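# Examination of the molecular architecture
Spelled out, the chains give:
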Amino acid sequence: MTGPRRSVASAIRDALLTGEAKAKVFAARQVARDWRLGRLDFVFEVTMPDRPEWPDRLELLAPGAMPRRGKMGSERNRAALWHALAHIEFVAIDLALDMAGRFGEAMGPDFVSDFLEVAADEAMHFALLSRKLDSLGWSYGALPAHDGLWSAAQDTAHDVAARLAIVPMVLEARGLDVTPATLARVRAQGDENGAKILERILDDEIRHVAAGSKHFHAICEMRAQNPQKTWQNLVGMHFAGGLKPPFNDSARFAGGLPRDYYAGIA
């Protein structure tokens, strides 16, 4: 005799409240797999935490207090680059989980499917980057990390359109802009393994931006709002940093973010 089936919301909440890095990777991938296989019910009887759990040893600093990285000349600078990338992907796991858990009930099962798949991708990215750090003799948590990424989630917790506008369509889209230059520097250092990791992340991030754009446009259609103007207004309200070139126009377009959306407000 089997017990009651688990809700997708409780599974997501438990993954968000898993602090140890490898355990969070496993939890995020397990939630996505269980949902995909129909093992979780579309039930949202628990709320999402205001903040997820992260490793105890992780030292979090304000973005302006982070030590400056050099140009990869030293082993420490190389490690600092991979640590920073690993931290971005680690927080991205929780951003995707929170998206599905906080807004999934209102947005529907397809929305949950898309963002749990994003969470699983981000978990895989973090695992690759964590192994890269290990190969350099470092580990995640050995260096400080900036605490600015989760503020985007807190600032947009009230509105799914704002969350989609800022997280996939600004923050992840920025990854499309900066990753090619980083990839070129890594390859110029003769690090083909690192370059392949970054290529994989870049390809996946295009799909993540596309998922955000798809659901953002669906919300705008449902609300009878102009998507371009709505996105620009939400970016102005919730993204203090401002959009700065250079832009990877082709990757952004592939992700459903045409140039006329951002060119006028950059």
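Summarised in this report is the structure supplied together with it. (Residues numbered from 1 in each chain as written. Predicted model: local features only at pLDDT ≥ 70, side-chain atom pairs only at ≥ 80, totals over all residues. Heavy atoms only, no water.)

## Quick notes on the pattern of salt bridges
- Across all of its chains, the model carries 21 salt bridges by this definition.
- A salt bridge links arginine 36 to glutamate 117; the shortest N-O distance between them is 3.8 Å. Separated by 81 residues along the polypeptide, arginine 36 in helix H2 (residues 21–36) and glutamate 117 in helix H4 (residues 109–135) bring together distant segments of the chain.
- Residue glutamate 117 is classed as partly exposed on the basis of its relative accessible area of 34%.
- Linking arginine 223 and aspartate 159 is a salt bridge whose minimum nitrogen-to-oxygen distance equals 3.0 Å. (Salt bridge = Lys/Arg side-chain N within 4 Å of Asp/Glu carboxyl O. Helix = DSSP H or I, 4+ residues; strand = E, 2+ residues; numbered from the N terminus. Buried < 20%, exposed > 50% of the residue type's maximum accessible area, 1.4 Å probe, protein only.)

## Topic: the layout of surface pockets
- The computed volume of the second largest pocket comes to approximately 180 Å³.
- Taken together, Gly19, Glu20, Ala21, Lys22, Pro55, Asp56, Arg57, Phe126, Ser130, Asp134, Ser139 and Tyr140 make up the full set of residues lining the second largest pocket.
- Looking at the lining of the second largest pocket, the elements that each hand over two or more residues are H2 and H4.
- Tallying contributions element by element places H4 first for the lining of the second largest pocket, with 3 residues.
- Grouping the constituent residues of the lining of the second largest pocket by class yields 4 nonpolar, 3 polar and 5 charged. (1 Å grid on protein atoms, 1.4 Å probe; cavity = no way out; pocket = protein on both sides within 12 Å on 5 of 7 lines; lining within 4 Å. Points joined across faces, edges and corners; volume = space filled by probe spheres on them. Nonpolar A, V, L, I, M, F, W, Y, C, P; charged D, E, K, R; others polar.)

## Quick word on the nonpolar core
- Residues Ile12, Leu97, Leu116, Phe216 and Trp231 are the most contacted members of the largest nonpolar core, which totals 86 residues.
- Not counting residues up to four positions away in its chain, the partners in contact with isoleucine 12 are Val31, Met48, Leu97, Ala100, Gly101 and Leu116. (Core = buried A, V, L, I, M, F, W, Y, C linked by side-chain atoms within 4.5 Å. Contact = heavy atoms within 4.5 Å.)

## Concerning helix H8 (residues 227–238)
- With 12 residues, H8 extends 16 Å between its outermost C-alpha atoms, agreeing within 8% with the 16 Å of an ideal straight helix rising 1.5 Å per residue.
- Within H8 the residues assigned to the buried category are Thr230, Trp231, Gln232, Leu234, Val235 and His238.
- Along its buried surface, H8 packs onto helix H5 (149–155), helix H6 (160–188), helix H7 (192–222) and helix H10 (259–262).
- Between a side-chain oxygen at the N-terminus of H8 and the backbone nitrogen of glutamine 228 the separation is 3.0 Å; the capping residue is asparagine 226. (Expected span 1.5 Å × (residues − 1). Polar contact = N/O pair within 3.5 Å; in protein donor to acceptor, adjacent residues only side chain to side chain.)

## A word on the packing of aromatic side chains
- Inspection of every chain in the model, using the stated rule, returns 9 aromatic pairs.
- The interplanar angle of 50° and the centroid separation of 5.9 Å between the aromatic rings of tryptophan 231 and tyrosine 261 together place this pair among those described as tilted. A residue pair is termed long-range when its members are at least 10 positions apart, and tryptophan 231 in helix H8 and tyrosine 261 in helix H10 qualify at 30 residues.
- A residue is classified by how much of its surface remains accessible, and tryptophan 231, at 0% relative accessible area, is buried. (Phe/Tyr/Trp six-rings, centres within 6.5 Å; stacked < 30°, edge-to-face > 60°.)

## Things to note about the environment of alanine 251
- Tracing the backbone shows alanine 251 in helix H9 (residues 249–254).
- Of the residues examined, alanine 251 reaches a relative accessible area of 7% and is grouped as buried.
- Linking alanine 251 and serine 130, residues 121 residues apart in sequence, is a C-alpha distance of 26 Å.
- Alanine 251 has contacts with Leu176 and Ile206, leaving out every residue within four places of it along the chain.

That is the geometry; function is a separate question.
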